[in-house]
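# Summary of structural features
This is what each chain is made of:
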Amino acid sequence: MYFYSSVRLGFYQLIPLALSLCGVLAWAQAPKPQDKPVSSACSAADFKAMAYSINDVLLREKRALEWLARYGADCPPAEIQSIHNNLAVWLGTADTPKVHLTVKDLYQSKQPVASTLEVSKNTAPAKEILPSGSVNTTSTKKVKTLPNKVDEKTAVSKEYQLRESEIAQCLPNEIANWNDGSKDTQMISPKTVYVYDHQSAPTGLSEDAVFGVLQQAATAWEQCGGQNTVVLKRDFFEAKGSMKIAVVWNDDDKLGTIGLANITKKTLTLSPEAFQNLKKSNANRNLMETLQMVVSHEVGHFQGLTAHSRRCVDVLSYYTNDAGEKCSIRDNGILPKHFEYRSMLPTACDIQRCRIANKN
Ligand SMILES: [Zn+2]
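Scoring rules and cut-offs
Residues numbered from 1 in each chain as written. Predicted model: local features only at pLDDT ≥ 70, side-chain atom pairs only at ≥ 80, totals over all residues. Heavy atoms only, no water. Disulfide = S-S within 2.5 Å. Helix = DSSP H or I, 4+ residues; strand = E, 2+ residues; numbered from the N terminus. Buried < 20%, exposed > 50% of the residue type's maximum accessible area, 1.4 Å probe, protein only. Core = buried A, V, L, I, M, F, W, Y, C linked by side-chain atoms within 4.5 Å. Contact = heavy atoms within 4.5 Å. Pairing = 2+ DSSP bridges.

## Re the state of the cysteines
- Summed over all chains, the structure comprises four disulfides.
- Through a disulfide, Cys224 is tied to Cys354; the S-S separation comes to 2.1 Å. With the S-S bond torsion at -90 degrees, the cross-link from Cys224 to Cys354 turns out left-handed. Here the residue Cys224 occupies a position in the loop between helix H9 (207–221) and strand S3 (227–232), and Cys354 occupies one in helix H12 (residues 348–357), the gap between them amounting to 130 residues. Of the two residues, Cys224 and Cys354, neither departs from the other in class, the shared state being buried.

## Focus on the nonpolar core
- Residues Tyr196, Trp221, Trp249, Leu270, Leu291 and Val295 are the most contacted members of the largest nonpolar core, which totals 40 residues.
- Those elements that place two or more of their residues in this core are strand S2 (191–196), H9, S3, strand S4 (243–249), strand S6 (267–270), helix H10 (272–281), helix H11 (287–302) and H12.
- Beyond its immediate stretch of four places on either side in the chain, Trp221 contacts Asn228, Ser296, Val299, Gly300, Gln303, Leu305, Val315, Leu316, Pro346, Asp350, Ile351 and Cys354.
- Formed by 21 residues, the second largest nonpolar core is a distinct cluster that contains Phe47, Ala51, Ile80 and Tyr107.

## Observations concerning H12
- Judged by how many residues are buried, H12 sits mostly within the fold: eight of ten residues are covered.
- Of all the residues in H12, the buried ones are Ala348, Cys349, Asp350, Ile351, Arg353, Cys354, Arg355 and Ala357.
- Taken from the residues just after H12, Lys359 is the one with a positive phi, measuring 55 degrees.

## Comments concerning the pairing of S6
- Of the two faces of S6, the one lined by Thr267 and Thr269 and the one lined by Leu268 and Leu270 are each fully buried.
- Relative to S6, S4 is paired through four bridges, and the arrangement is parallel. Each bridged residue has a counterpart across the sheet, and for Val247 the counterpart in S6 is Leu268.
- When strand S5 (residues 259–262) meets S6, the two strands line up antiparallel, connected through four bridges. Its bridge partner being in S6, Gly259 is matched across the sheet by Leu270.
- In this antiparallel pair of consecutive strands, S5 and S6, the connection spans four residues, and Lys266 shows a positive phi of 60 degrees.

Encoded structure:
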């Protein structure tokens, strides 16, 4: 059986990404597993290690709440921010509303000054907006300008919050696909080793950076129940019972896509040309964010997920199909034009769908 699938750049290439930096920074600050050993102080790596060590969802939620009760109050802002931003990925379906709110409260309590996005919640301008109905010129000006700014920020904030909640939680019956591939199957192997070859990678992209991206994707998908490891080609000797997937850079297939998962050949191909074109076409785009998204998407195909998701936020999504139909956002939301809505790592629905396919 020959099967391949890919992320088509065209669907999100046209979206300006000026505001997506928030998401990029958040991701960039996520600690690598080797950054810090498990310790008694609050560290995001510790929280992550705890979450990944427990398969049972209820127990994972319980331990997460216990951990937050114990360490949360003393957590440095950077650590709690990292937990906040990676919660959905690290906890999977154990990222319940209770855990989510606990982390969110901790996160907000540690923000020294309201960020641009959080300003919308601040009702401070209300005093100026409602100055007892006077027709004084100064106050009229304020009435005209302030509410507009607040509304704008509220809208942006709401879109981010909606994205965040769609990443974190998969509601009943929410999983939906485009039916553009065969039915989901079990993953290609319960143990997979991704062997990365940096040869022919685009200039300016370091081996470490791509390796890190692969590792983030491989680890995040482990919530589905399989074991994924990543090794450099020069360090690889034998698969030891794992299925080997070669991760390479080449433009042999010339498909115009940045990534391609070939299930038959067991290769994950990244296109140097597509990557360079992307770099040229949009200087503001964070290329590592895009690469993370693409790699997470392709690794998802090796987890047994064949068709593409119809939920815009899922890492396995397509934004539109060939007939021009659009992906969906919870509560009939509209796809924002100013930031990338698709997640960089598997969402709760991606993971749930994968667990169903793999009966985990
Ligand atoms: Zn795909």
